[in-house]
Every structure is written in C-alpha cells, then in structure tokens.
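Each chain is listed here by its residues.
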Amino acid sequence: MKAIIYRDNGAPDVLQFVDRDLPVPGPGEVRVRVSVSGVNPADGQARSGAGHPKHFSEVTPHLDGAGTIDAVGEGVDHSRVGQRVWVFLAAAGRPTGTAAEFTVVPAEQAVLLPDDAGFDMGAALGVPALTAHRALTVAEDGPRRLRPGALDGKVVLAAGGAGAVGHAVIQLARWAGATVITTVSGPEKARLATAAGAHHVINYREGDPAADIREITPDGVDIVAEVALGTNLALDLAVLRTRGTISTYANDGGKPVELNVPQNMVLNTRLQFLVLFTAGAEARAAAAQDVAAAVRDGALPVGEEHGLPLLRFPLDRAADAHRAVESRAVGKVLVDVTP
C-alpha cells in the first residue's frame, strides 16, 4: 500500500511517500481503507516534535479520516466489514495514522458514517468536532451530553468562528439549541461564520466588541469556546455571565495569560483547559456518540457553502498539506488517499 511516513521529527520535508505492507487488525481492531485523510494542527505538532514525544521508529501521521472497513480483528463483529466510517485519533499513541491507503484502529474509533454523508465530511469530523463537543459540555450549569434542546436558553461565544473547531462549535451549539455568537477578524471570515450558522457575527477589530456582544445578551455569555486565551481573555471576561465557562482548546498567538484573580472570583469563572488525548475515554466516547447523532441529523455539513472551505491535496503531496495548515490556511485541509 502507499503511505506517508516519517522517521525523524522536523519540518514537513521529513514526510516520505513510500510503499508498505498491508497492516493486519489485531484483537478489537478494524482495518479501514482510507478515502480521505484530515489534517489538523496537532498532526504538524506531532511531526515536528513540539510537545509530542515520538514513541515509534516510524510513524504514519494524521489523526482523522474516513473510509470503509475492509477487515476486522478477533472480537469484532464481522458485519462491520463494508461499513462506511469516520475515524478519530488514529495516530494517538499508535504508529498507524490515516495518511495511508489502509489504517488500523480500535473498533470504537471507527464510527458509522451514514450513506448520505460524504467522506469529506467524515474526514473533517474527528479532532475538531470532538473538541467542540468537549468545549460545550464542561460548564457547571450546562449539559454533559449534546442533543437537540440540550443548550436551549444558553448563549455560546465561538472565538474564531471561521476555524475548523470554531466552525464545529457553531454547528453543534446551534444543533443543541443555543444562541451562537462568533468573533472574526474580517468580512470574509464573517461570511464563512454566517454560512456555518452563527446567529450573530462580531468583527473584533472594529468598534467595541464587548459592547456589541452585551447588546445581544445583556446577562452575558454562558460558554466561550476559546482559541486564543491570552489575546481574548479580557474580552471573554467582559462578556461572561456569572458562573460562566471559558473552554480553552488553544492559545493561538502564544500571548501569555494574565489572570485578575478577584475579577474571576467575583464572576465564579470556570476556566476549563481541554485536549482530547487526556480528556478520558468516557468523555471521548460520549462525544463520538453525540457527534454521530448530529451527523445523522445533517447538522455538520462542510464545504464553502457551509462555512468551511475544503483545501485538497493528493497523498504524495502530504507535505504541502502540512504546510497549508501551518500557514493558517482558512478552511479544512484534506488529503485524498483512495477513490
């Protein structure tokens, strides 16, 4: 089979296009013929070695993807062969990511993809959608699971609504019944956030964004899904309601975070830091089930018309796909693996 591998950490140039033997699923595993592989910032971080120790002599990268199960290991129902699935966290603690014609993953990490959902959508789920779910289910006064109506009466602020996670936050929050506000840096990203389903879009570079948000929700925001905590914390606290939650999944820009302790004490702020790898199996399983339900309801479409442009690369140009992610390309970067 054709695959992308790297043996040493480094820049995208360490990625190699090679031939490898077909992997064999072990007990509790399935083998997936990958159609589309999704690329996330975490894939580049793992490849570069930034905070991700390398545990294998050779790694096939990429956490997310979509395709068809073609073989199962011992203990897995054989009826799963032929299922269309989306795959998440394939390369987490394993050497067999989705940047290959076939990948092997634990059976629970290959989730049924409905016939009317394309492989592009499936490959775009994974890390962004599960992270969004986690961000929306950690509030003290909020639900632990998402479904239609779960966030009725709540107001969610999606920071950076034109990004992959921000896009998923908008879609999942709206599906669950929340009023969704998002902040963006300009008109083009505003157009994308609106297409994703945001009720209100605020350009944080113009006017007084805190006043604009307070005009929409005088009592404040219930949940902030935050991508750049150091940069946005002052705005977040200015619009957060008492007992509100700031769910942080990144700190884009790397600005240090300075906390005004008395201000947060008075607000009873919940600051929730999150990453899927250490969120726990129970939280990941719940997220996968709820995201699958949202997919069945048609709540997570992708593409330009739905606010998430798709940027495509063939498998042998995986290095260029990584460069696109690292250059902060707007949209979801996908690698086409097999027809």
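Check the entry above for the structure.
Bear in mind the structure is a predicted one, so any value in this text is a computation, not a measurement. (Residues numbered from 1 in each chain as written. Predicted model: local features only at pLDDT ≥ 70, side-chain atom pairs only at ≥ 80, totals over all residues. Heavy atoms only, no water.)

Notes on the overall build of the protein
Inference 1: Regarding its fold elements, the protein presents 10 helices and 15 strands.
Inference 2: Over its C-alpha trace the protein gives a radius of gyration of 20 Å, about what one expects of a compact globule, namely 20 Å for 339 residues.
Inference 3: The C-alpha extent of the protein, read off along each of the three principal axes, is 60 × 40 × 35 Å.
Inference 4: Relative to all contacts within the protein whose residues are 6 or more apart in sequence, the contacts with residues 24 or more apart total 68%.
Inference 5: With an accessible surface of roughly 14,100 Å², the protein has 52% of that area assigned to carbon and sulfur atoms.
Inference 6: Each charge class in the protein can be summarised by its mean position, and for the 31 positive and 39 negative side chains these summaries are 2 Å apart. (Helix = DSSP H or I, 4+ residues; strand = E, 2+ residues; numbered from the N terminus. Rg over C-alpha atoms; globule rule 2.2 N^0.38 Å. Contact = heavy atoms within 4.5 Å. Areas by Shrake-Rupley, 256 points an atom, 1.4 Å probe, with all protein chains shown as cover. Lys, Arg positive; Asp, Glu negative; His and termini not counted. Charge placed at Lys NZ, Arg CZ, Asp CG, Glu CD.)

Comments concerning the packing of helix α3 (residues 126–136) against helix α4 (residues 164–175)
Inference 1: At a minimum axis distance of 8 Å, the contact between α3 and α4 shows a crossing angle of 55°. In terms of axis orientation, α3 runs oblique to α4. Judged by the twist between their axes, the crossing of α3 over α4 is right-handed. Residues Pro128, Ala129, Thr131, Ala132, His133 and Leu136 of α3 pack against Ala164, Val165, Ala168, Val169, Leu172 and Ala173 of α4.
Inference 2: A class-by-class count of the residues in the contact of α3 with α4 yields 10 nonpolar, two polar and no charged. (Axes fitted to C-alpha atoms, helices over the stretch in contact; angles between N-to-C directions. Parallel < 35°, antiparallel > 145°, perpendicular 65-115°, else oblique. Left-handed = near helix turned anticlockwise from the far one by under 90°. Nonpolar A, V, L, I, M, F, W, Y, C, P; charged D, E, K, R; others polar.)

Notes on the sheet that holds strand β11 (residues 221–226)
Inference 1: Strand order in the open sheet formed by six strands is β10-β9-β8-β11-β12-β13, and the pairing between neighbours is parallel. If you trace the sheet from one side to the other, it starts and ends with β10 (200–203) and β13 (270–273), each paired once. Averaged over all pairs of adjacent strands, the angle between their axes in this sheet comes to 20°, without regard to strand direction.
Inference 2: By the bridge criterion, five bridges tie β11 to strand β12 (residues 240–248) in an arrangement that is parallel. Residue pairing for β12: valine 221 is matched across the bridge by leucine 240.
Inference 3: Packed onto the sheet, α3 meets β8 (155–159), β11, β12 and β13 and runs at close to 150° relative to β11.
Inference 4: Across the sheet, helix α5 (residues 187–196) touches β9 (179–184) and β10, and the angle it forms with β9 is around 160°. (Pairing = 2+ DSSP bridges.)

A short note on unusual backbone geometry
With the exception of glycine, the majority of residues adopt a negative phi angle, and the majority of peptide bonds are in the trans configuration.
Inference 1: Of note in the backbone geometry, leucine 89 takes a positive phi value of approximately 55° without being a glycine.
Inference 2: Tracing the chain through its elements places leucine 89 in the loop between β5 (84–87) and β6 (102–106).
Inference 3: Non-glycine residue asparagine 268 carries a positive phi angle of around 55°.
Inference 4: Mapping asparagine 268 onto the fold places it in the loop between α8 (261–267) and β13.
Inference 5: Its relative accessible area of 47% is what places asparagine 268 among the partly exposed residues. (Buried < 20%, exposed > 50% of the residue type's maximum accessible area, 1.4 Å probe, protein only.)

Quick notes on the packing of helix α1 (residues 41–48) against helix α10 (residues 318–326)
Inference 1: The interhelical angle for the contact between α1 and α10, taken along N-to-C directions, is 110°, at an axis separation of 9 Å. Looking at the two axes, α1 sits roughly perpendicular to α10. Handedness of the crossing formed by α1 with α10: left-handed. Residue-level inspection shows Pro41, Asp43, Gly44 and Arg47 of α1 in contact with α10, the latter providing His322, Val325 and Glu326.
Inference 2: For the contact of α1 with α10, the per-class residue count stands at two nonpolar, two polar and three charged.

Notes on the environment of serine 37
Inference 1: Looking at where serine 37 falls in the secondary structure, it is placed in strand β3 (residues 29–39).
Inference 2: Residues serine 37 and alanine 318, spaced 281 residues apart in sequence, show a C-alpha to C-alpha distance of 9.8 Å.
Inference 3: Contacts of serine 37, omitting those with residues within four sequence positions, involve His62, Asp64, Gly65, Thr98, Ala99, Ala123, Val333, Leu334, Val335 and Val337.
Inference 4: Side-chain polar atoms of serine 37 contact the side chain of histidine 62, separated by 2.8 Å.
Inference 5: A distance of 2.6 Å separates a polar atom in the side chain of serine 37 from a polar atom in the side chain of threonine 98. (Polar contact = N/O pair within 3.5 Å; in protein donor to acceptor, adjacent residues only side chain to side chain.)

Here we look at α4
Inference 1: Between the first and last C-alpha of α4 there are 17 Å, a value that for 12 residues agrees with the 16 Å anticipated at 1.5 Å per step.
Inference 2: For α4, the tally of buried residues reaches 10 of 12 residues, placing the bulk of the element in the interior.
Inference 3: Where the residues of α4 are buried, they touch α3, β8, β9, α5, β11 and α9 (281–296). (Expected span 1.5 Å × (residues − 1).)

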